[in-house]
Structures are given as C-alpha cells and as structure tokens.
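Breakdown of the fold
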Amino acid sequence: MVPHPPRRPGSDEQAVTPPAGAGHGPGRRAVLRGGLVAAAGVAATAAVSSCQVGSNGSSTVATTRPAAAGSEPTDAATVAFRGARQAGVVTDPQPFAAFVGLDLPKGADRDTCRRLMGVWTDDIERLMAARGPLTDLEAELAQVPSRLTVTVGVGPGFYAAADLRAHAPSWLAPLPRFSIDRLDQAWRQTDVVLQVRADSPVAVAHATRRLVVGADPLANQVWVQRGFREPLTATDAGLPFRNQFGQIDGTVQPATNGPDDPLLWIGAGDPKPPKGLAGGTSMVIRRIAMNMDTWDRADRVARENAIGRRLDNGAPLTGTKPTDHPNLQAKDALGFPVIDDASHLRRAMPAQPHERILRAPYAYDDPPVGSARTNTGLVFVAFQADPVRQFVPIQTRLAEADLMNIWTTPIGSSVYAVLPGAGAGETLGQALLS
Amino acid sequence: MSRSTLFTHVTLSAISPRARLTATVAVVGCAFALSGCGTSTSAADTAPAGSGASSTAPAAAAPKAEVTLDSGWVKAGSGMTAAFGTITNHSSVPVTLVKGTSDKAGMVALHTMEKQTDGTMKMTEKKGGFLIPAGGNLSLNPGGDHIMLMEVSGPLANGQKVALNMVATDGTTFAWSVPVRSFAGAQETYAPAVPGMTGMTSTAPAATK
Ligand code: HEM
Ligand SMILES: [Cu+2]
C-alpha cells in the first residue's frame, strides 16, 4: 500500500503529504484497471489455491489469479476480506464506487440482523476474492479481479431493531442541522449501508446487484449513490483526485498507516469502545451538489481564492508544491491575506489536533433532472473514530463561512457505524450481535 | 401461455445444454476434471477429463468415503425447494448418493432436468442417483441436477441453515449444513404435475425444438 504520511495540524511544522506529481502521466486511463495496484508496488503473490480466501490481516492487497480465468495471466488484484478491520476504509480509493442505503423490513429483530450479516459476510468474502456469491448465475462478472472492496455500516435503526440501542455509540445520530443544508429525504439516513468500490464499473455494478438482491427480504434498498474518481497519476493510487470543479481534492489527510489510528479506528485510542465496535469506525456520507453553471462564471483567480490552493497542482497559494504547508499569515502587496480567511482550506483546517477526518469522496455526474443541464457533485465520504468530535466542528465552521458554499449545497446526510472486520470463521457484526 | 412464462422458458432453454452435459457426464461415469477449488465455475471445469470411462459400479470393499457439498445453498421458500452446490468426493472410490433426509423437509429426492420429446424441460428423478467419481465432483445447478426438498416444514428464510443427510449406496450418510438463500430462479421446481413426485413438470415449455 502507498502510505499517506501524516500531516501534523495545529503545529506550524512542515506538512508531509503524498508526493503528487500532478502531471498526467501517460497511461493514466490504463491504470484504472488492474495495473493500478501493480504500479503501486505491491508484492505479487503467486496464484496459490485460489479457493483459499485471503485471511492475512486487514486490507492487505495481494495479486492473485482467478481460478476460472483460464491461462491468461493478469496483474489484477484482490483485496483481503478477512481481518480485524474492514477493507475499503484505508484502502486507496478505487476509481468506481456505489453506496447503497438499505432499511431493515418492518418487524426486523436481532435474528434478522444476524441473518443479514451472515448472508453478506459470505457473499462479500466470495466477491472480494473474485468469485460469484453462492446464487450467482453470472459469476463470470465477478471473476475479473478488480480490487473490489465492500464495506458494511449500520445506522441507528439497526441498533433499534437488534434491541441494542443501549450499546449504540453516542455519535450514531443525525448530524446537527447546518444552515447550508438543503437535505432531500431521498438521500436520508438508512438502517444499513454498503460501500462497494472497485477498479471496474462492471465489478461495482455486479457486486452491488448481487448484494442487494441477495439480502432480500432482510434489507430493502432505499437509495444508490454512484461515484467515480481517477487517480492523479499512473503511480499515485492515493487519496487525492480531481473533483468535477477541477480541484485536487484529498491532499491533506490523517496517516492511514498507523500513527493516526486513534483518529480513524474505534478502539485504537479510546480505552472503552462501544460494544462490538473495536476495529470499526464511522462513516459520514454527505451528498453535496456542485453548481456547474455558476462555477463556470468564476475565473481561475476566484476559484483558487475560494479553495486557498492552486488549481494546477493543488499547492497552497503561499507555496509551490501540494505538500507545502500553507502560510496563513502571508499578505499580498495590498495587505490582503494570500489565503483568504473564508477559503475552504482556511475554514476546514483543524482548530484542534483531533479535528481531522479521512476523506474518501467520489464525484457524481448523474443524468440531469428537468431543465437542468447537469446533476453533478460529490458523494462526500469521511471516516473518523468519532464524527461528533472530529467531523462536526469542521462542518460547523464550513457552514458558518466557506467561499465554496457559493457553489456547493449539501442535499443528503447520513452517519453509520462501520463494523469491525470479520476474522476467520466470523460473521460481520458478530461481536455486536452476540 | 403468458409472455413471462415464455421468457422464463427461453432462459431455461439457454442453459439446458450445460445441464445436459452435467447429467451425461454423471451417467456415463467419466472422471471429472478437478477444478481449482472444487467450485465449478464454467462448463469447461466440469467437462470430462478424458475418454476413459471407468466402471459405474462403486467399489465393493470401499474405504470410508468423504463427500462434501461445497458452496451449497438451498433456495428460500416453502412447500418445495431445492439444494444446489458442488458435491465433491474426496475419497479414492466412486460414491453414488441415492437418497437423503433433512430436518426441514419431509421428503428429499435426487432430481435432474431433462428435455422431453415434446421439447419441454421437466424435472425427473435422477435414475441411479448422483454418481460422484473418485476425487471428482458433481455440480448441482438450477436447471440441472438438484436435491429436491419437499414437504418443507415452514418457510425457509434467507440466512437460515438446513441440515441435509445424504445416503450413499452402501448406507454411508454424509451430513451437510446448507445455508438458505433468496433466489429468483429455479422456478421450474415449483410446479408438480403429480403429487407424488415421480416427475415434476417444469412450468416452462420449450420455445423451439
Ligand atoms: C463539494 C464539496 C467539497 C469540495 C469540492 C471540497 C474540496 C476540497 C479541496 C479542493 C480541498 C483542498 C485539498 C485537500 O486538502 O484535499 C479540501 C480540503 C479539505 N476539505 Fe473539502 N471539499 C468539500 C467539502 C468538504 C466537507 C463537507 C468537509 C467536512 C465537513 C471538508 C473538509 C475538508 C478538510 C478537512 C480539508 C483539509 C483542510 C486542511 O487541513 O488543509 N470538505 N476540500
Ligand atoms: Cu426437482
């Protein structure tokens, strides 16, 4: 995996961020499928008995060859399902994603929750190993390893159905109402969520379909949010990508390789984690509409001012490289701050060291509705151990003042507890539902 | 005949060659090519390994065989349903399964799908049972060989488990715990022509012959 070195916020130390040679190297598209992981320098593992599903730790990536793909060797990859933590959190975001919100049926109880998790555990394990789930009659669609990850989260309704409300983390509740919100119930909180990500849109579509119909009637689909993102360069499969406003998005992040684990994982910092959630995290999904028509009216100077970073390479306006630490004191010739006080960078920066989140958003560009020419935005996804402590202060500041609010509108909001991973022989949610 | 029924039938028809292949192979008793995981994922995986047709008769003084159902599942439902998966014979002697019992079904039968002279696909009893060659396997699939569960006691719900005890010709019983899964297909298993089960008619007629 490509490590994302930590940035030390709150201090004025030199920030360390992933090197982002922002140029578009050749073969940029080619990396979307398979080659991406190989390019990231992952050790290749020989195809062993492919029926053996990887059980080596969490979220490790190994290249395997599918049993049924014939003699043609591939350098595509699978991600291990089994482990203390679910894949799809610190895994470098794959280019394609679908988020599916589902509700439990009326009258669901703990047994319903257990059965749902039993079915999904087996289905996800097979899908991530590039095999079709048990009932799959089009398993060939699963057999091209595409670095598929499926991540399962549960909402307040899951705890209520399982009669476990007393054990729910205190933060598992709707976010406060923010003045900028124009929430559409179509993207409401649901009882459970699936995050399905892969290098291939075919793999995402197939896995999503199988998991949704495979859950019938234990969970019913409420919404689907699809997204996409391209790696910045052929060799950088990491967190930054270019969103539909053309900005490099995802530069400043907590470390995903250990040092910031208390910010990312439940139980990594808190001595008394909520029941059954040690090894889990939280996922905030905000659907944020981006107004492409009004954005078109803004020139590049205004656009860079709004974010506080350069559009070409994502460097702070006070620096030259994306990794440069922004200098908030710097003034221009007229005495104005170089990085605007209301810029997104300035407002989103942590005021306290713990106000940091792992952002893994996806762009969406759905068919326009009515007379609109675009239906574009961000499926903004943030992982953090405690969203109330880490996410809410940031979102509160952004709601109070952020030049980006001129063009962006939150239209959906939900919060989930991402279950810990399933160890060998375990089902997802086992510790919680036992 | 409604359009939707016809449509179902076209689907069945499309997969029937595979079903026939599986059935033929089992009856002739050829050795199966061992697929990498014992999970048969394509028709090629279940193709006969070679020409050598071994004896169809199980060895007389057979060492204790171990037979498993890999990637097994039972379609959720009530009344009648079926179990699918890959039966793998880990022993060095052929094994023929001839009957079974279940904790959730009053009757367990070994079925296959066969094209009739009128072109329709019908479920029929698998004559001679399921032969699994030594070290080989047999795929049970919707539209092909399957273990029929009848007189199912109460609805089998997605995510539950069903116990299957399958009995070989020598009386050896293999106990399998099989997960129940929601499944939209295998509709053909739900229309018995005659209550008594010597052959249950598929609801779908053949589109062409
Ligand atoms: C459509 C909506 C949004 C867009 C287009 C957007 C875009 C960006 C961009 C381009 C950056 C600078 C590069 C980087 O460090 O990633 C950034 C930084 C950041 N954004 Fe956003 N963002 C959006 C919404 C949000 C929301 C809702 C939050 C959280 C509530 C958020 C939190 C952050 C944080 C924490 C940073 C890093 C700030 C720092 O410490 O330098 N963003 N965003
Ligand atoms: Cu039958």
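Residues numbered from 1 in each chain as written. Chains lettered and ligands numbered in written order. Predicted model: local features only at pLDDT ≥ 70, side-chain atom pairs only at ≥ 80, totals over all residues. Heavy atoms only, no water.

1. Some words on the overall build of chain A
Summing up its helical and strand segments, chain A has ten helices and 14 strands in all. The 434 residues of chain A split such that 56% are buried. At a minimum sequence separation of 6, the contacts of chain A that also span at least 24 residues come to 76%. By element, 53% of the accessible surface of chain A is carried by carbon and sulfur atoms, the whole surface being about 17,200 Å². (Helix = DSSP H or I, 4+ residues; strand = E, 2+ residues; numbered from the N terminus. Buried < 20%, exposed > 50% of the residue type's maximum accessible area, 1.4 Å probe, protein only. Contact = heavy atoms within 4.5 Å. Areas by Shrake-Rupley, 256 points an atom, 1.4 Å probe, with all protein chains shown as cover.)

2. Quick notes on the overall build of chain B
Looking only at helices and strands, chain B has one helix and twelve strands in total. Relative to its full complement of 209 residues, chain B shows a buried share of 50%. Counting only contacts in chain B whose residues sit at least 6 apart along the sequence, the fraction spanning at least 24 positions is 68%. As presented, chain B carries roughly 8,900 Å² of accessible surface, and 59% of it is formed by carbon and sulfur atoms.

3. Quick notes on the nonpolar core
In summary, soluble globular proteins display a tendency toward joint burial of nonpolar side chains. In this structure, Leu116(A), Met117(A), Trp120(A), Ile124(A), Phe158(A), Val192(A) and Leu194(A) are the most contacted members of the largest nonpolar core, which totals 74 residues. At eight residues, the largest contribution of residues to this core is made by helix α2 (residues 110-128) of chain A. If we skip the residues at most four places from it in the chain, Phe158(A) touches Leu104(A), Cys113(A), Met117(A), Asp191(A), Val192(A), Leu432(A) and Leu433(A). Residues Ile87(B), Leu138(B), Leu156(B) and Phe174(B) belong to the second largest nonpolar core, which totals 40 residues. (Core = buried A, V, L, I, M, F, W, Y, C linked by side-chain atoms within 4.5 Å.)

4. Brief notes about the packing of α2(A) against helix α4 (residues 201-214) of chain A
Residues and elements named next belong to chain A. Packing of α2 against α4 brings their axes to within 10 Å, and their N-to-C directions diverge by 160°. On the basis of their axis angle, the class for α2 and α4 is roughly antiparallel. The element α2 and its partner α4 pack so that their crossing is right-handed. Packed against α2, whose contacting residues are Val119, Trp120, Asp123, Ile124 and Leu127, the element α4 presents His206, Ala207, Leu211 and Gly214 at the interface. Along the lines of polarity and charge, the residues of the contact of α2 with α4 split into six nonpolar, two polar and one charged. (Axes fitted to C-alpha atoms, helices over the stretch in contact; angles between N-to-C directions. Parallel < 35°, antiparallel > 145°, perpendicular 65-115°, else oblique. Left-handed = near helix turned anticlockwise from the far one by under 90°. Nonpolar A, V, L, I, M, F, W, Y, C, P; charged D, E, K, R; others polar.)

5. A short note on the pairing of strand β5 (residues 192-198) of chain A
Residues and elements named next belong to chain A. Within β5, seven of the seven residues are buried, leaving the element largely enclosed by the surrounding structure. The pairing of strand β3 (residues 96-103) with β5 spans seven bridges and is classified as antiparallel. The partner of Val100 across the bridge, within β5, is Leu194. The pairing of strand β4 (residues 149-154) with β5 spans six bridges and is antiparallel. What sits directly across from Val150, in β5, is Val196. (Pairing = 2+ DSSP bridges.)

6. Section: the pattern of salt bridges
Enumeration according to the criterion identifies 20 salt bridges over all chains in this entry. Notably, a salt bridge pairs Asp122(A) with Arg181(B), separated by 3.5 Å at the nearest N-O pair. Placement of Asp122(A) in helix α2 and of Arg181(B) in strand β12 (residues 173-181) is noted, with the two residues assigned to different chains. Side by side, Asp122(A) and Arg181(B) carry an identical accessibility label, which is buried. Linking Glu400(A) and Arg347(A) is a salt bridge whose minimum nitrogen-to-oxygen distance equals 3.5 Å. Of this pair, Glu400(A) sits in helix α9 (residues 387-400) while Arg347(A) sits in helix α8 (residues 344-348), placing them 53 residues apart in sequence. (Salt bridge = Lys/Arg side-chain N within 4 Å of Asp/Glu carboxyl O.)

7. Quick word on the coordination of the iron atom of ligand 1
Angles between donor atoms at a metal ideally measure 109.5 degrees for a four-coordinate tetrahedral arrangement and either 90 or 180 degrees for a six-coordinate octahedral one. Among all protein atoms, only His344(A) (NE2) binds the iron atom of ligand 1, sitting 2.0 Å from it. Topologically, His344(A) is positioned in helix α8. (Donors = N, O, S within 2.8 Å, 3.2 Å for Na, K, Ca; no water.)

8. With respect to the sheet that holds strand β9 (residues 248-249) of chain A
All names here are of chain A. Read from one edge of the open sheet, three strands run β7-β8-β9, paired in antiparallel fashion. Bordering the open sheet on either side are β7 (231-233) and β9, each of which pairs with just one other strand. Examined bridge by bridge, β7 and strand β8 (residues 236-242) share two bridges and lie antiparallel to one another. If you follow Pro231 over to β8, its bridge partner there is Phe241.

9. Some words on the coordination of the copper ion (ligand 2)
Residues and elements named next belong to chain B. Protein coordination of the copper ion (ligand 2) is provided by His111 (ND1), Met123 (SD), His146 (NE2) and Met148 (SD), with donor distances spanning 2.1 to 2.2 Å. What the four donor atoms of the copper ion (ligand 2) show is an angle range of 86 to 125° at the metal, which sorts the shape as tetrahedral. As a motif over one chain, the donors of the copper ion (ligand 2) read H-x11-M-x22-H-x1-M. The residues His146 and Met148 share a single accessibility class, namely buried. (Tetrahedral: all angles 85-135°; square planar, octahedral: opposite > 155°, others 65-115°.)

10. A closer look at the packing of aromatic side chains
Residues and elements named next belong to chain A. Enumeration according to the criterion identifies six aromatic pairs over all chains in this entry. When the ring of Phe99 is compared with that of Tyr362, the centres are 6.0 Å apart and the planes differ by 65°; the resulting orientation is edge-to-face. Placement of the pair is Phe99 in strand β3 and Tyr362 in strand β12 (residues 362-366), with a sequence separation of 263 residues. Using a relative accessible area of 0% as the deciding quantity, one classes Phe99 as buried. A ring pair is formed by Trp295 and Trp407, whose centres lie 4.9 Å apart and whose planes are at 90°; its orientation type is edge-to-face. Taken together, the residues span a long stretch of sequence, with Trp295 in helix α6 (residues 292-297) and Trp407 in the loop between α9 and β14 (408-418) at a distance of 112 residues. Residue class for Trp295 comes out buried when judged on its relative accessible area of 2%. Judged by its relative accessible area of 9%, Trp407 is buried. Connected via pairs of aromatic rings, a cluster forms that spans Phe245, Trp295 and Trp407. The cationic tip of Arg229 hangs over the ring face of Tyr362; the distance from NZ or CZ to the ring centre is 5.4 Å. Positioned above the aromatic ring of Tyr364, the side-chain terminus of Arg287 is 3.7 Å from the ring centre. (Phe/Tyr/Trp six-rings, centres within 6.5 Å; stacked < 30°, edge-to-face > 60°. Lys NZ or Arg CZ within 6 Å of the ring centre and 35° of its normal.)

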